[in-house]
Amino acid sequence: MDPAEAKEARTEKIVYHLETIFTTINHMLIAYVTIYLSYYSYTRGFGNLFTWHVFLCSVGYQFFMAESFLTLLSSNSWTDRYSIVTKRRLHWILQVVGCAAIFAGTIIEIKIKEDAGRSHFKSDHAITGLVSMIFIVLSFLNGVAALYTTKIKHIIKPVYVKMCHYLTGIVAFVIGMTSLALEYSPRMISQKHMDMLIAFTSITTAFTLLGVCKTMFNQFRAMCK
């Protein structure tokens, strides 16, 4: 191995270890926020419909959607031993469960407002949640198309389908996590805990998307050659 190749190999190894560290920290933050919000929901009582809205949307975005992104990373410790086919299957399973939880939580909130005679999608939290769900549907459709890229490659190049899937998925996740952060308020939890949750949510969003953005950049660079 010549010096240039050895230097590149060392750089790749360092980058891999850094990504592994960030991913491990991300898992810890995701777990903390998920457990915290689950415990918060438990203390409010699951006999309250609004509690189900908080719980389902929180675990849908904060746990299932975040972890579904991480399954595809080579630096993800609990999936690095699996083949790419298995990783994609896990990605789909986590996405479907997360989306089901999010939509169920949203339907519950709509029912609560209907029963109370209140208007829908007026707050920043509600509007961002709605926009996120629209992009979730688009990402799901693009994901289905990505499964059949070999059959539709005469219509559109597979790389374009995948790029659209990445973009719509990123937008759905970022806006969804923003919607979660907008719902944290002193009337629910203390100011100290609210600041902590917003900080942790922001960090997990950034760390979760590092790998996806790296993959998108590499594919975009390949498209430009």
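Residues numbered from 1 in each chain as written. Predicted model: local features only at pLDDT ≥ 70, side-chain atom pairs only at ≥ 80, totals over all residues. Heavy atoms only, no water.

Enquirer: Now, about the packing of aromatic side chains: what can you tell me, with residues and values included?
Expert: Using the criterion set out here, one finds ten aromatic pairs in the structure. Aromatic pair Y39 and Y42: ring centres 6.4 Å apart, planes at 35 degrees, arrangement tilted. Of the two residues, Y39 and Y42 are both situated in helix α1 (residues 3-44); the distance of three residues between them amounts to about one turn of the helix. Taking relative accessible area as the criterion, Y42 reaches 58% and is therefore assigned exposed. Counting every residue linked through ring pairs, the aromatic cluster contains Y32, Y36 and F200. (Phe/Tyr/Trp six-rings, centres within 6.5 Å; stacked < 30°, edge-to-face > 60°. Helix = DSSP H or I, 4+ residues; strand = E, 2+ residues; numbered from the N terminus. Buried < 20%, exposed > 50% of the residue type's maximum accessible area, 1.4 Å probe, protein only.)

Enquirer: Give a detailed account of the pattern of salt bridges, specifying residues and quantitative values.
Expert: In the structure shown here, the tally under the stated rule is two salt bridges. When the shortest N-O distance is used, the salt bridge between E19 and K214 registers 2.9 Å. Highlighted residues: E19 in helix α1 and K214 in helix α7 (residues 191-224), separated in sequence by 195 residues. On the basis of relative accessible area, K214 is assigned to the partly exposed category, the value being 40%. (Salt bridge = Lys/Arg side-chain N within 4 Å of Asp/Glu carboxyl O.)

Enquirer: Give me the lowdown on unusual backbone geometry, citing residues and values where you can.
Expert: The backbone of F121 shows a phi angle near 50 degrees, a positive value even though the residue is not glycine. Here F121 is to be found in the loop between α3 (84-116) and α4 (124-147).

Enquirer: Break down the nonpolar core for me, with residues and values.
Expert: Formed by 38 residues in total, the largest nonpolar core has its most connected members in Y61, I136, F173, Y184, I189 and L197. At the level of secondary structure, the elements contributing two or more residues to this core comprise α1, α2 (49-70), α3, α4, α6 (158-183) and α7. With near-sequence residues (within four places) excluded, Y61 lies in contact with A66, I102, G129, S132, M133, I136, A172, F173, G176, M177 and L180. (Core = buried A, V, L, I, M, F, W, Y, C linked by side-chain atoms within 4.5 Å. Contact = heavy atoms within 4.5 Å.)

Enquirer: Go over the packing of α4 against α6 with me, naming the residues and quoting the values.
Expert: It is at 7 Å that the axes of α4 and α6 come closest, and there the two elements cross at 155 degrees. Relative to α6, α4 is oriented roughly antiparallel. Crossing of α4 over α6 shows left-handed handedness. Per-class residue counts for the contact of α4 with α6 are twelve nonpolar, twelve polar and two charged. (Axes fitted to C-alpha atoms, helices over the stretch in contact; angles between N-to-C directions. Parallel < 35°, antiparallel > 145°, perpendicular 65-115°, else oblique. Left-handed = near helix turned anticlockwise from the far one by under 90°. Nonpolar A, V, L, I, M, F, W, Y, C, P; charged D, E, K, R; others polar.)

Enquirer: Just give me the short version of the side chain of Q95, but keep the residues and values in it.
Expert: The residue Q95 is located in helix α3 in this model. Accessibility expressed as a relative area gives 15% for Q95, which makes it buried. Discounting chain neighbours no more than four positions away, the residues touching Q95 are M65, S68 and F69.

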